[in-house]
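Inside the fold
As a plain string of letters, each chain reads:
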Amino acid sequence: MPKRKITSTFNNNKKQKATTLTQSSLSSWVNPQPQTLSTINSETLFNKIRNENKELLSLEIKTMNSEWLKVLSGEMQKPYFIELKKYLQNEKANNKKIYPPEPEIYSWSRFTPPSSVKVVIIGQDPYHNVGQAHGLCFSVPHGVPPPPSLINIYNSLKKDIPSFQIPKHGNLINWAKAGVLLLNTSLTVRAHEAASHSGKGWEKFTDAVIQYLNEKENGLVFMLWGNHAIKKGKNINENKHLVLQTVHPSPLSAHRGFLVCCHWSKANAYLKSHGKQEIEWNCLSAAD
């Protein structure tokens, strides 16, 4: 009898351990940890995409951050997105110059994966002149003079946080790395033709990005500058997130409140109150 009892206990423990392992494995798939998400094999996701869409979505597979790729893979297979990709393919076939360059269209995703987002700044259209757009709203690569709106952003920040050192460049990559998602409403534009790719599908796609953050995350700060961005963020849950609104930083409107909006200090105060690390807005100076 004792021997039978010991065997039964052993078998029960073995079954319990197997069940625990199965539940653990299932949990890790349903609720993956950020470090797991960041190393997702893009080939695995590629294999889940319908065969007829694989070629159209090869840019996303190759260049999008793996966390965002997992979040948005279903969205990218919807008819509107497939039509958008066909439209861009046709633009390319007709020798239309498109900005930003293809490898940088999803820069916003690579520098700021979902697990690191703390602040969201919403722009409208990529810059449409040579060498300006590189996939982050309001940002330009090194060597390109900061555009007027970005200069006003710097000036507003300086008034709000006097210790901020205005950099000599307009490259905001360090903000993106620090958790500031710099997302344009449209992700591409035809050279020298403002808003030429608006209404083609990008707006629905970036709505899905915002919707995901709104629903799945808590304690984020959304900076909405101008009527376009305010309309874009109209469904953000203000019980879960801080929504900051003001006019656009363009020289045409910045004097109507943007320069004294104090969004930078308000964002940090909110993040701190929610147990999150504040944004080091001065981190841009390290890239001078």
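Residues numbered from 1 in each chain as written. Predicted model: local features only at pLDDT ≥ 70, side-chain atom pairs only at ≥ 80, totals over all residues. Heavy atoms only, no water.

Our working definition: UniProt positions are given in the numbering used here, feature names are shortened, and annotations may be inferred rather than shown by experiment.
In the annotation of an unreviewed UniProt entry, the protein chain is listed under the name Uracil-DNA glycosylase and assigned to Rhizophagus irregularis. Within the UniProt record for the protein chain, the comment given under Sequence similarities (unreviewed entry) is "Belongs to the uracil-DNA glycosylase (UDG) superfamily. UNG family."

1. Remarks on the confidence of the model for the protein chain
To be explicit about the condition: What pLDDT reports is the predictor's confidence in each residue, on a scale of 0 through 100. Note on definitions: a residue-residue contact is assigned when non-hydrogen atoms from the two residues lie within 4.5 Å.
Taken as a whole, the protein chain shows an average pLDDT of 86; of its residues, 81% reach a score of 70 or greater. Contacts of residues 1-40 to residues separated by more than four positions or lying in other chains number 16 contacts, the stretch itself having pLDDT below 50.

2. A closer look at the packing of aromatic side chains
Defined as follows: The pairing test for Phe, Tyr and Trp rings, Trp by its six-membered ring, is centres within 6.5 Å, and the orientation test on the planes gives stacked under 30 degrees, edge-to-face over 60, and tilted for anything in between. Secondary structure counts use DSSP, requiring at least four H or I residues in a row for a helix and at least two E residues in a row for a strand, with both numbered from the N terminus. The buried label applies to any residue whose accessible area, calculated with a 1.4 Å probe on protein chains only, is under 20% of its type's maximum; exposed applies above 50%, and partly exposed to all values in between.
As enumerated under the stated definition, the model contains 16 aromatic pairs in all. Ring geometry for Phe-81 versus Trp-202: centroids 5.9 Å apart, planes at 75°, classification edge-to-face. With Phe-81 in helix α6 (residues 79-93) and Trp-202 in helix α10 (residues 202-216), this residue pair connects regions lying 121 residues apart in the sequence. Each member of the pair, Phe-81 together with Trp-202, is buried.

3. Some thoughts on the side chain of Ser-149
Along the chain, the position of Ser-149 falls in helix α8 (residues 148-160). Classification of Ser-149 as buried rests on a relative accessible area of 14%.

4. A closer look at α6
We count it as follows: What a helix should span is 1.5 Å times the count of its residues minus one.
For α6, which comprises 15 residues, the first-to-last C-alpha distance of 21 Å matches the rise-based estimate of 21 Å (1.5 Å per residue) to within 8%. Trailing α6 by a residue or two, Asn-95 shows a phi angle of about 60°, which is positive.

5. Brief notes about the UniProt feature "active site" (unreviewed entry) in the protein chain
Worth spelling out the cut-off: Polar contacts, as counted here, are pairs of nitrogen or oxygen atoms within 3.5 Å of one another; within protein the pair requires one atom able to donate a hydrogen and one able to accept it, and residues that are adjacent in sequence qualify only if both atoms are side-chain atoms.
Those places that UniProt annotates as "active site" (unreviewed entry) correspond, in this numbering, to Asp-125. Position of Asp-125 relative to the elements: it lies in the loop between β2 (119-123) and α8. For Asp-125, the contacting residues outside a window of four places in its chain are Asn-184, Ser-186, Thr-188, Val-189, Ala-194, Ala-195 and Ser-196. Of the polar contacts made by the side chain of Asp-125, one reaches the backbone nitrogen of Ala-195; its length is 2.5 Å.

6. Some thoughts on the side chain of Asn-214
Looking at the secondary structure, you find Asn-214 in helix α10. Within the structure, Asn-214 has its side chain in polar contact with the backbone nitrogen of Asn-237 (distance 2.8 Å). Leaving out residues up to four positions away in the same chain, Asn-214 has contacts with Asn-235, Ile-236, Asn-237, Lys-240 and His-241.

7. Describing the pairing of strand β3 (residues 180-184)
In the case of a regular strand, side chains alternate between the two sheet surfaces. Rule in force here: By definition, two strands form a pair when at least two bridges between them are found by DSSP.
Of all five residues that make up β3, five are buried, and the element is covered over most of its length. Residues Val-180, Leu-182 and Asn-184 point to one face of β3 and Leu-181 and Leu-183 to the other, with burial holding for every one of them. Across five bridges, β2 lies against β3 in parallel orientation. Among the inter-strand pairings, Gly-123 is bridged to a residue of β3, identified as Asn-184.

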